[in-house]
Amino acid sequence: MALGYTFAMIKPSACRKNHVGSILAIINQAGFRISAIQSTKLTLEEAQRFYEVHRGKEFYDSLCEFMSSGPIIVLLLQKENAVKDFRKLIGNTNPQMAEEGTIRKMFAESLQKNAVHGADSDENAKREADFFFNQRERY
Ligand code: CMP
């Protein structure tokens, strides 16, 4: 199986609560290699562009406001079956339905403040990684 990539974010709520180190350790222990990493903060306009696919949904405005409310960590991760395995590691989008041992079960506060984001397809992983990282930031 060839190595693949996924894109992930540690959301503002988890950064505010100092969960960054714990979450990165879990990601590494699960066999993901960090190909690129950046601490950044989205403007409201950037968050709206990043979450363009959700425009029109009732949670879109508050999601964009929340995602631009503070620093985030953005990650390009490499592993076999990266997209699928990372979605499994983070658990259900709704932390109330997230399985024991998943990152969202451990660190999420709510559906919106669900600690981490993980790309849902190879195509979106590429689009999302290209949003943040240029080529010389990837190793
Ligand atoms: P994420 O993986 O970042 O992708 C889109 C985000 O929208 C999702 O995690 C949740 O934080 C948020 N989200 C999805 N569905 C809802 C919902 N029904 N209400 C509020 N927020 C939602």
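Just so we're clear, the structure is a prediction, and the values are computed from it rather than from any experiment.

Describing the pattern of salt bridges
- Within the structure shown, the criterion is met by 7 salt bridges.
- Close ionic contact of Glu-52 with Arg-55 constitutes a salt bridge, the shortest N to O distance being 2.9 Å.
- In this structure Glu-52 comes out as partly exposed when scored by relative accessible area, which is 37%.
- In this structure, the salt-bridge partner of Asp-85 is Lys-79, at a minimum N-O distance of 2.6 Å.
- In this structure Asp-85 comes out as partly exposed when scored by relative accessible area, which is 23%.
- Three or more residues joined by partner-sharing salt bridges are found here, namely Lys-126, Asp-130 and Arg-138.

Brief notes about the packing of aromatic side chains
- A complete count under the given rule lists 7 aromatic pairs for this structure.
- A centroid spacing of 5.1 Å and a plane angle of 85° characterise the contact between Phe-50 and Tyr-51, whose relative ring orientation is edge-to-face. Comparing Phe-50 with Tyr-51 shows no difference in burial state: the two are buried.
- Between Phe-50 and Phe-131, the aromatic rings sit 5.4 Å apart at their centres with planes inclined by 85°, giving edge-to-face as the arrangement. With Phe-50 in helix 3 (residues 44–50) and Phe-131 in helix 7 (residues 122–132), the pair connects residues that are 81 residues apart, well separated along the chain.
- Each residue in the set Phe-7, Phe-50, Tyr-51, Phe-131 and Phe-132 is aromatic and connected to the rest through ring pairs, giving one cluster.

Cut-offs used in this document
- Residues numbered from 1 in each chain as written.
- Predicted model: local features only at pLDDT ≥ 70, side-chain atom pairs only at ≥ 80, totals over all residues.
- Heavy atoms only, no water.
- Salt bridge = Lys/Arg side-chain N within 4 Å of Asp/Glu carboxyl O.
- Buried < 20%, exposed > 50% of the residue type's maximum accessible area, 1.4 Å probe, protein only.
- Phe/Tyr/Trp six-rings, centres within 6.5 Å; stacked < 30°, edge-to-face > 60°.
- Helix = DSSP H or I, 4+ residues; strand = E, 2+ residues; numbered from the N terminus.

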